[in-house]
Amino acid sequence: MARERDGHEGRHDDRDEHREDHVLPEVDDDLDVESYERLTGQRRARMVRQRIVFAVVVVLVLAVGGGAYLVYSDRWQPGRTTTPSAAPSTSCVPATPPALLTPGQVTVGVLNGTSRRGLAASVAGELRTRGFVVGTVGNAGTPTGPATAVVTYPEAAVQQAVTVAARFPEVQLVADPAATAVTVSLGDGYQQMLGEGALVTPLPPGSPTC
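Residues numbered from 1 in each chain as written. Predicted model: local features only at pLDDT ≥ 70, side-chain atom pairs only at ≥ 80, totals over all residues. Heavy atoms only, no water.

With that settled, the discussion passes to the overall build of the protein chain. Counting secondary structure elements, the protein chain contains four helices and five strands. Shown N-terminal to C-terminal, the secondary structure of the protein chain runs as helices and strands in the order α-α-β-α-β-β-α-β-β. Counting the 210 residues in the protein chain, one finds 23% classified as buried. Taking contacts inside the protein chain between residues at least 6 apart in sequence as the whole, the part at least 24 apart equals 74%. For the protein chain, the exposed surface amounts to about 15200 Å²; the carbon and sulfur share of it is 56%. (Helix = DSSP H or I, 4+ residues; strand = E, 2+ residues; numbered from the N terminus. Buried < 20%, exposed > 50% of the residue type's maximum accessible area, 1.4 Å probe, protein only. Contact = heavy atoms within 4.5 Å. Areas by Shrake-Rupley, 256 points an atom, 1.4 Å probe, with all protein chains shown as cover.)

This paragraph deals with the pairing of strand E1 (residues 107-112). Where E1 meets strand E2 (residues 133-139), five bridges bridge the pair, whose relative direction is parallel. Looking across to E2, one finds that Val110 is bridged to Val137. The β-α-β motif built from E1, the intervening helix H3 (residues 119-129) and the parallel element E2 has right-handed crossover chirality. Sheet topology places E1 next to strand E5 (residues 182-186); five bridges connect them, and they run parallel. From the neighbouring strand, Val108 faces E5, where its bridge partner is Val182. (Pairing = 2+ DSSP bridges. Right-handed = clockwise from strand over helix to strand, strands pointing away.)

A few words now on the nonpolar core. Core analysis: the biggest nonpolar cluster contains 27 residues, and Val110, Val123, Val151, Val164, Phe168, Val184 and Leu186 have the highest contact counts within it. Going through the elements one at a time, E1, H3, strand E3 (149-153), helix H4 (158-165) and E5 are the ones with two or more residues in this core. If you tally residues by element for this core, the top one is H3, at five residues. Residue contacts for Val164: discarding those within four places in its chain leaves Val106, Val108, Phe132, Val151, Val182 and Val184. (Core = buried A, V, L, I, M, F, W, Y, C linked by side-chain atoms within 4.5 Å.)

Okay, the environment of Gly135 next. Within the fold, Gly135 resides in strand E2. Taking the C-alpha atoms as reference points, Gly135 and Val182, 47 residues apart in sequence, are found 9.2 Å from one another. Beyond its immediate stretch of four places on either side in the chain, Gly135 contacts Thr107, Val108 and Gly109.

Following this line, the structure appears as structure tokens:
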């Protein structure tokens, strides 16, 4: 019996030695941590690159889409340069006609520049009826031409000239430095004077019309 026990114990010892021979050696944990960190860093770098590529693709898609929309809506055409519009000028102030005087404040001469007899006397009578002071009445030295009437005046009497001219349609105003009084010369285009309720006040020559 003792021999059998010894035999069994011997076999158990052999098994224990054989089991100890197959035990894996311990692995240093620091190497596993380094491998993990290296793998994690590679994954992070790959994710960052993927995000950058995705962002670039999104930007390109938006840019192409926006350009296509602008071209389609005719808001932008490649190769076409736009010329900035000129800023409106604010230096020019339109002139306003002088205020009309009352007819009694104006003395006017009447000349007939046509071949029609008695025209100057007829118009002079109507001007008197409207309250004007009539000066010289007679024939013009030269034909007035196709105009309705031409009102000449010295520079200082522009307001009186405009008051007379407002009674004649399509009248011409002429400032004459040699003139001493306001004179209306009747032309071939004259038909009749304007009514007092339909006066048209002309602008003196040289007035800005912007």
